[in-house]
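# Structural characterization, general
Chain by chain, the residues run as shown.
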Amino acid sequence: MTTKPSALITGITGQDGAYLTQFLLDQGYEVHGMVRRSSLEKFDRLTHLRDQIELHQGDLLDQLSLIRLLERVQPDEVYNLAAQSFVPTSFEQPLLTGEFNALGVTRMLEAVRLVDTSIRFYQASSSEMFGHVREEPQTEKTPFWPRSPYGAAKVYGHWITINYRESYDLFACNGILFNHESPLRGKEFVTRKITDAVARIYYGIQDKLMLGNLDAQRDWGFSGDYVRAMWMMLQHDTPDDYVVATGEKHTVREFVQHAFEHVNLKWENHVEIDPAFFRPADVNTLCGDATKARETINWEPEVSFAGLVTMMVDADLKRVEDELSKTPAKKNKAG
Ligand code: NDP
Ligand code: GDR
């Protein structure tokens, strides 16, 4: 009898956690997730998968909980996705962000080193590490210049992962993932904030969308494509670090324009600038070169920028319509 491969995902309740869970289940994995204790369980993104996975309590701040978890689960692979992932919050809570995103990675690596050095380890590194970019497009060799406490903490997480690979021979990989989005994206991130607002404006329950820096450029891909790259890195013969990106950049303004056009609305009539959404220091432009991932692990994205925008707007239109159909009195414009 062959046993199923098993994986432990930290950050399983997040956007990528949900897509990675589905992907690994489809590959025949036994999937375990680490969740923080909360007075109210919020597993909304996992509702449809809940009976196919096992959730365990643990916290990146608590070293012993990580060690015990690895002893109990005995995973073949660990995907360390848990993090304080919202850049503006990192300016408000720089120390906590460092605890999660920097020291939390060391705690997870220490747990792997102590419990079982054959575990394959994935670290969720980020294009935010490039920050004030030194060259374009960015590759695995581009120097880092983080522009936020979030980015600085991710640089630490990145290098400590390489350090454990080199010092203890761990199979540890960094995926330097550029922005990736989906209908499951948190509503505070700009793409989902826009598509949620477009749906609400379309149905007449919101009129204005307040945004910050419309000139920022990002290389946006689809989360479903990017979690596949995480898995592919851990299946390769040797551990390494990879940029995962589409190679195309667009401004926030272009995202807005595409999203409003999809429902035949003029964005200029609804979008206003609110200085509250500007950051103390922003990353003005990011664009990745994923040649190494394409040539080494055979990864390529499937969803285009236009496909991503319409997928997200359509999902929000459907969700808002469903919500309104349960409270018909509020529905007043489009139906
Ligand atoms: P989300 O914000 O959607 O999810 C973050 C997850 O981390 C949640 O499950 C959250 O749990 C968990 N978490 C936070 N702090 C802790 C903690 N102390 N202990 C245990 N769990 C914790 O992020 P994404 O899914 O978008 O991103 C996944 C990872 O990839 C993150 O590390 C992010 O920084 C990184 N990344 C993301 C990119 C993107 O564009 N999406 C690009 C590059 C990197 P809870 O539900 O309890 O809050
Ligand atoms: P980012 O994503 O900071 O790149 O980090 P976000 O969607 O928050 O911002 C992208 C760009 O849009 C500009 N912007 C706004 N952003 C937000 N959130 N809200 C607004 O109203 C707004 N208006 C303009 C921002 O200034 C910024 O330039 C994401 C996260 O997922 C990180 O965890 C991940 O590491 C990186 O992507 C790669």
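All values derive from a computational prediction rather than experimental measurement. (Residues numbered from 1 in each chain as written. Chains lettered and ligands numbered in written order. Predicted model: local features only at pLDDT ≥ 70, side-chain atom pairs only at ≥ 80, totals over all residues. Heavy atoms only, no water.)

## Considering the sheet that holds strand β2 (residues 30-35)
Put simply, the rule reads: Note: two strands are recorded as paired if DSSP finds a minimum of 2 bridges between them. A run of DSSP states H or I qualifies as a helix once it reaches four residues; a run of E qualifies as a strand once it reaches two. Both are numbered from the N-terminal end. Only the stretch in contact is used when fitting a helix axis, every axis being a line fitted to C-alpha atoms; angles between N-to-C directions are given from 0 to 180 degrees. We call two residues in contact whenever any of their non-hydrogen atoms come within 4.5 Å of each other.
In spatial order, the strands read β3-β2-β1-β4-β5-β6-β11; together these 7 strands make up an open sheet with parallel pairing. The outermost strands of the open sheet, each flanked by one partner alone, are β3 (53-57) and β11 (241-244). Between one strand axis and the next, the sheet turns through 20° on average, direction left out of account. Bridge analysis of β2 against β3 gives 5 bridges, and the strand direction is parallel. Across the sheet, residue Val35 finds its bridge partner in β3, namely Gln57. Sheet strands touched by helix α1 (residues 15-26): β1 (6-10), β2, β3 and β4 (77-80). Its angle to β1, the strand with the most contacts, is close to 175°.

## Section: the pattern of salt bridges
This is how it is decided: In the sections that follow, a salt bridge refers to a side-chain nitrogen of Lys or Arg positioned within 4 Å of a carboxyl oxygen of Asp or Glu. The buried label applies to any residue whose accessible area, calculated with a 1.4 Å probe on protein chains only, is under 20% of its type's maximum; exposed applies above 50%, and partly exposed to all values in between.
Summed over the entire model, instances satisfying the criterion amount to 17 salt bridges. A salt bridge links Glu136 to Lys249, with the shortest nitrogen-to-oxygen separation between them at 3.0 Å. You can see Glu136 sitting in the loop between β5 (120-126) and α5 (149-168) and its partner Lys249 sitting in the loop between β11 and β12 (250-251), a full 113 residues away along the chain. The closest approach of N and O atoms between Arg192 and Asp316, which form a salt bridge, is 2.8 Å. With Arg192 in helix α6 (residues 190-202) and Asp316 in helix α10 (residues 305-326), this residue pair connects regions lying 124 residues apart in the sequence. Like Arg192, the residue Asp316 is buried in the burial classification. A cluster of three or more residues bridged by salt bridges with shared partners is formed by Arg192, Asp196, Asp316, Arg319 and Glu323.

## Observations concerning the environment of Leu66
Within the element layout of this structure, Leu66 appears in helix α2 (residues 63-73). When the C-alpha atoms of Leu66 and Glu110 are compared, they prove to be 9.0 Å apart, with 44 residues separating the residues in sequence. If we skip the residues at most four places from it in the chain, Leu66 touches Met34, Asp59, Leu60, Arg107, Met108 and Ala111.

## A closer look at the site of ligand 2
As a reminder of what qualifies: Any residue with a heavy atom lying within 4 Å of a molecule or strand is counted as near it. Contacts described as polar in this section are N or O atom pairs within 3.5 Å, which, within protein, must combine one atom able to donate a hydrogen with one able to accept it, while residues neighboring in sequence count only if both atoms come from side chains. Note on areas: Shrake-Rupley, 1.4 Å probe, and residue coverage restricted to the protein chains presented here. Gly falls in the polar group here, along with every residue not listed as nonpolar (Ala, Val, Leu, Ile, Met, Phe, Trp, Tyr, Cys, Pro) or charged (Asp, Glu, Lys, Arg).
What surrounds ligand 2 is a group of 24 residues, the closest being Ser85, Ser126, Tyr150, Arg279 and Asp282. At a separation of 2.7 Å, an oxygen atom of ligand 2 approaches a polar backbone atom of Ser85. A distance of 2.6 Å separates an oxygen atom of ligand 2 from a polar atom in the side chain of Arg279. Contact with the protein chains covers 95% of the free accessible surface of ligand 2, which is 710 Å². Those elements that place two or more of their residues in the shell around ligand 2 are α6 and β8 (209-211). Its residues placed into classes, the shell around ligand 2 shows 11 nonpolar, 6 polar and 7 charged.

## Here's the deal with the packing of aromatic side chains
Going by this rule: Working definition: a ring pair exists when centres of Phe, Tyr or Trp rings (six-membered ring for Trp) sit within 6.5 Å. Plane angles under 30 degrees give stacked, over 60 give edge-to-face, the rest tilted. Geometrically, a lysine NZ or arginine CZ counts as sitting over a ring once it is within 6 Å of the ring centre and also within 35 degrees of the ring normal.
Scanning the entire structure with this criterion turns up 12 aromatic pairs. Measuring from ring centre to ring centre gives 5.5 Å for Tyr19 and Phe222, while their planes differ by 80°; the resulting arrangement is edge-to-face. Here Tyr19 is found in helix α1, whereas its partner Phe222 is found in strand β10 (residues 221-222), with 203 residues between them in sequence. Look at Phe222 and you get buried, because its relative accessible area is 12%. Grouping aromatic residues by their ring pairs yields a cluster made of Phe130, Phe144 and Phe178. Sitting above the plane of the Phe171 ring, Arg120 keeps its charged end 3.8 Å from the centroid.

## Some details on the packing of helix α8 (residues 252-261) against α10
Here is the rule: Just so you know how the angles are binned, under 35 degrees is roughly parallel, over 145 roughly antiparallel, 65 to 115 roughly perpendicular, and the rest oblique. With the far helix as reference, a near helix turned anticlockwise by less than a right angle produces a left-handed crossing, and one turned clockwise produces a right-handed crossing.
Viewed as axis vectors pointing N to C, α8 and α10 meet at an angle of 55°, and their least axial separation amounts to 9 Å. When the axes of α8 and α10 are compared, the pair comes out oblique. For the pair α8 and α10, the crossing hand works out as right-handed. Taking contact as the criterion, the partners of Glu254, Phe255, His258 and Ala259 in α8 are, on α10, Phe305, Val309, Met312 and Val313. In terms of residue class, the contact of α8 with α10 is built from 6 nonpolar, 1 polar and 1 charged.

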